[in-house]
Structure formats: structure tokens, C-alpha cells
Amino acid sequence: MAELSQKDQLALHEFSVRYRAALAKQHQTPEQSLDTVRDAVREQYEQEQDAKRGKTIEPPTPEKEREPEEPEP
């Protein structure tokens with residue numbers, strides 16, 4: 001591909017900036033949708049953290065008292 005002059009490079013850059021801005025404007029995500037996703041992610045994260053904390057805080061379950069085995073005759 002041939003080298004572009006500085007003027008052509010600047011024009012191409014300006015076009016790409018305008019093009020990206022137009023795409024972003026055309027495909028906007030509503031703020032309400034983002035809030036819904038943030039809430040869902042936050043809730044799942046909190047549940048995972050609570051589960052992790054629950055595993056480390058719970059005391060071990062007591063074992064049944066076992067009687068010594070009698071030797072076989």
C-alpha cells in the first residue's frame with residue numbers, strides 16, 4: 001500500500017473519529033439497562049462473598065462419639 005501524505009493521514013484520522021462517534025451514538029445502551037446489569041452483577045458478587053465467608057466461619061460439625069472396637073477372639 002502506498003504511503004499516505006500527512007494531510008491524507010490527518011483526514012483519515014478525523015474520519016475514523018467521526019465514524020466511531022456515529023457508531024457509538026447509533027448503538028447506545030440505555031442507562032436503565034446498564035443499571036439492571038450492575039445490580040444483577042452486584043447481587044451475584046455479594047452472594048458469592050457471603051458463601052465464601054460462610055464456609056470459613058462455620059464451626060466444624062461434631063463427630064459422633066465412637067466406642068473403642070473390641071478385639072476379635
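Located above this text is the structure these notes cover.
Residues numbered from 1 in each chain as written. Predicted model: local features only at pLDDT ≥ 70, side-chain atom pairs only at ≥ 80, totals over all residues. Heavy atoms only, no water.

A. Summary view of the overall build of the protein chain. Summing up its helical and strand segments, the protein chain has two helices and zero strands in all. Looking at the protein chain residue by residue over its 73 residues, the buried ones come to 3%. Entry remark: accessible area of the protein chain is about 8,100 Å², with carbon and sulfur atoms responsible for 53%. (Helix = DSSP H or I, 4+ residues; strand = E, 2+ residues; numbered from the N terminus. Buried < 20%, exposed > 50% of the residue type's maximum accessible area, 1.4 Å probe, protein only. Areas by Shrake-Rupley, 256 points an atom, 1.4 Å probe, with all protein chains shown as cover.)

B. Up close: the pattern of salt bridges. Scanning all chains against the criterion turns up three salt bridges. Residue Arg 38 is joined to Asp 35 by a salt bridge in which the shortest nitrogen-to-oxygen separation is 2.9 Å. Taken together, the residues span about one helical turn, with Arg 38 and Asp 35 both in helix α2 (residues 31–57) at a distance of three residues. Judged by its relative accessible area of 41%, Arg 38 is partly exposed. For Arg 42, the salt bridge is made with Asp 39, and the minimal N-O distance between the two is 3.1 Å. A residue pair is termed a helical-turn pair when its members lie 3 or 4 positions apart in one helix, as Arg 42 and Asp 39 do in helix α2 at three residues. Residue classification places Arg 42 among the partly exposed positions, given a relative accessible area of 45%. (Salt bridge = Lys/Arg side-chain N within 4 Å of Asp/Glu carboxyl O.)

C. Region of the structure containing a nonpolar patch on the surface. Taken together, the side chains of Leu 4, Leu 12, Phe 15, Tyr 19 and Leu 23 define a hydrophobic patch exposed on the protein surface, amounting to about 470 Å² of accessible area. Turning to its location among the elements, Leu 12 is positioned in helix α1 (residues 6–26). On the basis of relative accessible area, Leu 12 is assigned to the partly exposed category, the value being 48%. (Patch = residues over 30% accessible without salt bridge, like charges linked within 9 Å, V, L, I, M, F, W, Y side chains within 5 Å.)

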